[in-house]
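Understanding the architecture of this molecule
Below, each chain spelled out in residue letters.
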Amino acid sequence: MPNPIQHLYRRAIDAFHRGGTYRGVYPNFEEAVRATPKIKPIGYDHAELSLWYREKLTKIFDDDYPAAFWMGKALQDSRSVFEIGGHVGVAYYGMSHYLDYPPDLRWEVCDVPAIAREGAHLAKEMNAPNLSFVSSHRESPGADILFTAGALQYIESPTLAEVIADFKVKPNHIIVNKTPMWDGQPFVTMQSIGFSYCPYLIRNRQAFVASIEALGYKLRDSWIKARPLKVRFRSGHKLNHYTGLYFVRQ
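Since this is a predicted model, take the numbers as computed values, not measurements.

1. So, the sheet that holds strand β2 (residues 80–84)
Taken in spatial order, the 7 strands of this open sheet run β4-β3-β2-β5-β6-β11-β10, and their pairing is mixed. Each edge of the open sheet is held by one strand with a lone partner, namely β4 (131–134) and β10 (217–230). Across the sheet, the mean angle separating the axes of adjacent strands is 15 degrees when strand polarity is ignored. As paired strands, strand β3 (residues 106–110) and β4 are joined by 4 bridges and run parallel to one another.

2. Description of the nonpolar core
By size, the foremost hydrophobic cluster in this structure holds 34 residues, and its most contacted members are M71, M95, W107, L131, F147 and I175. Every element with two or more residues in this core is listed here: α3 (65–74), α4 (90–95), β3, α5 (113–125), β4, β5 (145–149) and β11 (238–249). Setting aside anything within four residues of it in sequence, one finds M95 in contact with I60, A67, A68, M71, Y101, W107 and F147. The next biggest cluster of nonpolar side chains, apart from the first, holds 21 residues, and it includes V134, L152, I164 and L245.

3. Considering the pattern of salt bridges
Two side chains with opposite charge may pair up if their charged atoms get near one another. Going through the model one piece at a time under the given rule, you end up with 7 salt bridges. We note a salt bridge from E30 to R34, for which the minimum N-O separation is 2.9 Å. In this pair, E30 and R34 are both assigned in helix α2 (residues 29–34), 4 residues apart and thus about one turn of the helix distant. The closest approach of N and O atoms between D64 and K178, which form a salt bridge, is 2.9 Å.

Calculation criteria
Residues numbered from 1 in each chain as written. Predicted model: local features only at pLDDT ≥ 70, side-chain atom pairs only at ≥ 80, totals over all residues. Heavy atoms only, no water. Pairing = 2+ DSSP bridges. Helix = DSSP H or I, 4+ residues; strand = E, 2+ residues; numbered from the N terminus. Axes fitted to C-alpha atoms, helices over the stretch in contact; angles between N-to-C directions. Core = buried A, V, L, I, M, F, W, Y, C linked by side-chain atoms within 4.5 Å. Buried < 20%, exposed > 50% of the residue type's maximum accessible area, 1.4 Å probe, protein only. Contact = heavy atoms within 4.5 Å. Salt bridge = Lys/Arg side-chain N within 4 Å of Asp/Glu carboxyl O.

If you want it as structure tokens, here you go:
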């Protein structure tokens, strides 16, 4: 029988659709979804969410600077970017105000269908012919740079290592930013983002790094951004920061 205090708290959070909160600890996405109340949608594949982050199209923020630094370095010998979970092209537009993109740059964003459709419409509106969208990494041959920021936690499968292994064109640079990792066992929680619930994966950092290095990459740099993550009523499941990583192909 569930603890009555926990039950009342969760009911209050669910009722007010509060964003930025986390409920439960689960072994996988399927179990997390099964345990979540059916009072609002699950996941990011909703057109309503395409309007989020519009204010980020004209600038980058403090937690973007390490990734932007390495993106600038990587673009010196690269002409293509494959971004996992880039929403409507937030990073492409934001970094364009700080970096000199090659005129023949190809930047491809992979996101859920509803977001990808809106991103393609916005690219036409913004006259961004170098920006395109897909909904599966298998629609792309790969790119010189693989970039992802704040997205891997929403993806259980395929893993980043599996995506890279599938590509015909292997990236020479891999930039991972704003990703929750810790030294403990991986676990899944359920994040409320206001409009919907999203299964949210916390990875083991050492295992993640090892999976990329096993493909022939070297970890060149890493950084952290102070950002707490607390699963209510689970004192042993909390993070103080998110992680950024930069790998180069050996």
